[in-house]
Amino acid sequence: MNTGTEAAFWMDTRTRLTLSEVAENCGITESVVQELVEYGALTPTGAQPGEWVFTAECVMSVRKAARLCTDLELETSAMALVVSFLERIHDLEAQVRRLRAQAGGGGF
Amino acid sequence: MKYKDYYAILGVARDASADDIRKAYRKLAQKYHPDVSKDPQGEEKFKEVAEAYQTLKDAEKRKAYDELGTAHASGEEFRPPPGWQQRHGEARNEGQYASFDDVDLSDLFESLSRGQRGRQRANRPIRGEDFEVAVRLTLEQAFNGTQLDLRLGLPEYDESGALHAVEKTIKARIPKGATDGQRLRLRGQGGKGFNGGAAGDLYLDISLAPHAIFRASGHDLYLDLALAPWEAALGASVEIPTLAGAVNLKVPPGTAAGARLRLSGRGLPRPEGSPGDLYAVPQIVNPTVLTERERELYRELAQASRFDPRGHLAKGPA
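Residue indices follow the written sequence of each chain, beginning from 1 at its first position. Labels are handed out in written order, letters beginning with A for the chains and numbers beginning with 1 for the ligands. Confidence filtering applies because this is a predicted model: local features only for residues at pLDDT of at least 70, side-chain atom pairs given and counted only at 80 or more, and all residues used for totals across whole chains, interfaces and linings. Heavy atoms from the whole structure form the basis of all side-chain values; hydrogens and water molecules are not counted.

Here we look at the confidence of the model for chain B
All names here are of chain B.
Consideration 1: Confidence scores per residue from the predictor, reported as pLDDT, run from 0 to 100. On average, chain B scores 86 in pLDDT, and the residues at 70 or more come to 88%.
Consideration 2: Numbering goes from the N terminus for both helices and strands, where a helix is a DSSP run of H or I of at least four residues and a strand is a run of E of at least two. Mean pLDDT across the elements of chain B ranges from a minimum in helix H7 (residues 120-123), with 60, to a maximum in strand E8 (residues 236-240), with 97.
Consideration 3: Across the assembled chains, the prediction reports ipTM 0.85 with pTM 0.78.

Below, the structure written as structure tokens:
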């Protein structure tokens, strides 16, 4: 049996999620997810909420933003900002790592 | 039961307004919230601040707390005054403690709100908590896949529905394909559910530990390849390490420092699709000590060569 592998999901563009799955993964309601889409923090494909497809990259940022918003009593519009910033930080960090790897140490 | 001075924790006076309490809480929460704070004690401090706020923001609970009196010092053992529990817990007919010896102050106030929110909660299935853990893998672990024993202080509900931190070891299987900055969700490996609720998930935030030889860029790897000047000039076949063992790399003649020599598929495996590549980045290294013979050969080369490495500078503005 290999259940460990079967139950493992890489939270990146390979894993696709519906509206209800994003809500469940992030521990928020579907209406909050819809608000995040309205504010532009999340950009699913598909025209109607019922057809929306999200990629799982966003989940960790939304979870963190949701915790911050609950604990700091922030509104969903602020949560949308937090999500955008967290995503940007994640992307920039990845870029720094890439550049660092490519630039090399030159330690000879 | 140990007394905690909730007003002191929030840094407000006992007669502070609800608004002052909220402001004080938000200020401290922003400072210590584990998702933003770099303070290693941040999480502990945040929990303390949140506990104080949970009680003081609720007018009824604040009143009950105030009736505990001002005579106690923080950390001092105390019991609520006679009749206190009846006044604040009686109507609910639950959340009554026979003895206060092993009771935490936060549990006492939690029990007051449990009474308010009703018993239906007690039998409703509750999904287990999701856990988020930052894990650092070696490149070898990412390359091969691995199983980690994660030691976590986890919140867990007891039979009465109260939260407690429990030290636990969780086995997490990391499949092949991880790299820096990736996140993995392990379904059902979080906290166990309550009243038949599903188990929560375990989220892993993966980073890679620096490696002595390789640097990871996504699923590609980079390695600095030291070459003697003559190897770079004439070409050479050199042995280089990969995560799957040493391989021979053909360095073409006239290789420049900083060029990228690609070894296809020798990087980190991807969860799907072909693995990343390994790039050897040549660095031209000179011997620090020359023998007399080497010096002679270099001199001869210097005289015979017409190569001008700074030719392009001469054409610049005068």
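Resuming the write-up.
Side note on the sheet that holds strand E1 (residues 131-137) of chain B
Consideration 1: Should DSSP find at least two bridges between two strands, the strands are regarded as paired. Ordered by their spatial adjacency, four strands build an open sheet running E1(A)-E4(B)-E5(B)-E1(B), and the pairing between neighbours is mixed. Pairing within the sheet leaves two strands with one partner each, and these edge strands are strand E1 (8-10) of chain A together with E1 of chain B. Averaged over all pairs of adjacent strands, the angle between strand axes in this sheet comes to 25°, irrespective of strand direction.
Consideration 2: Bridging between strand E4 (residues 183-186) of chain B and strand E5 (residues 202-208) of chain B involves four bridges; their strand directions are antiparallel. Bridged to Arg185 of chain B within E5 of chain B is Tyr203 of chain B. Lines fitted to the C-alpha atoms define the axes, with helices restricted to the stretch that makes contact. Angles between their N-to-C directions range from 0 to 180 degrees.

What to know about the pairing of strand E11 (residues 278-284) of chain B
Residue and element names in this part refer to chain B.
Consideration 1: Each residue's exposure class comes from its accessible area (1.4 Å probe, protein chains only) as a fraction of the maximum for that residue type: buried when under 20%, exposed when over 50%, partly exposed otherwise. E11 sits mainly inside the fold: six of its seven residues count as buried.
Consideration 2: For strand E7 (residues 220-227) and E11, the ladder comprises seven bridges, and the chain directions are parallel. Note that in E11 the partner of Tyr222 across the bridge is Tyr279.
Consideration 3: Relative to E11, strand E10 (residues 261-263) runs antiparallel, the two sharing three bridges. Bridging from a neighbouring strand, Leu263 pairs with Leu278 of E11.

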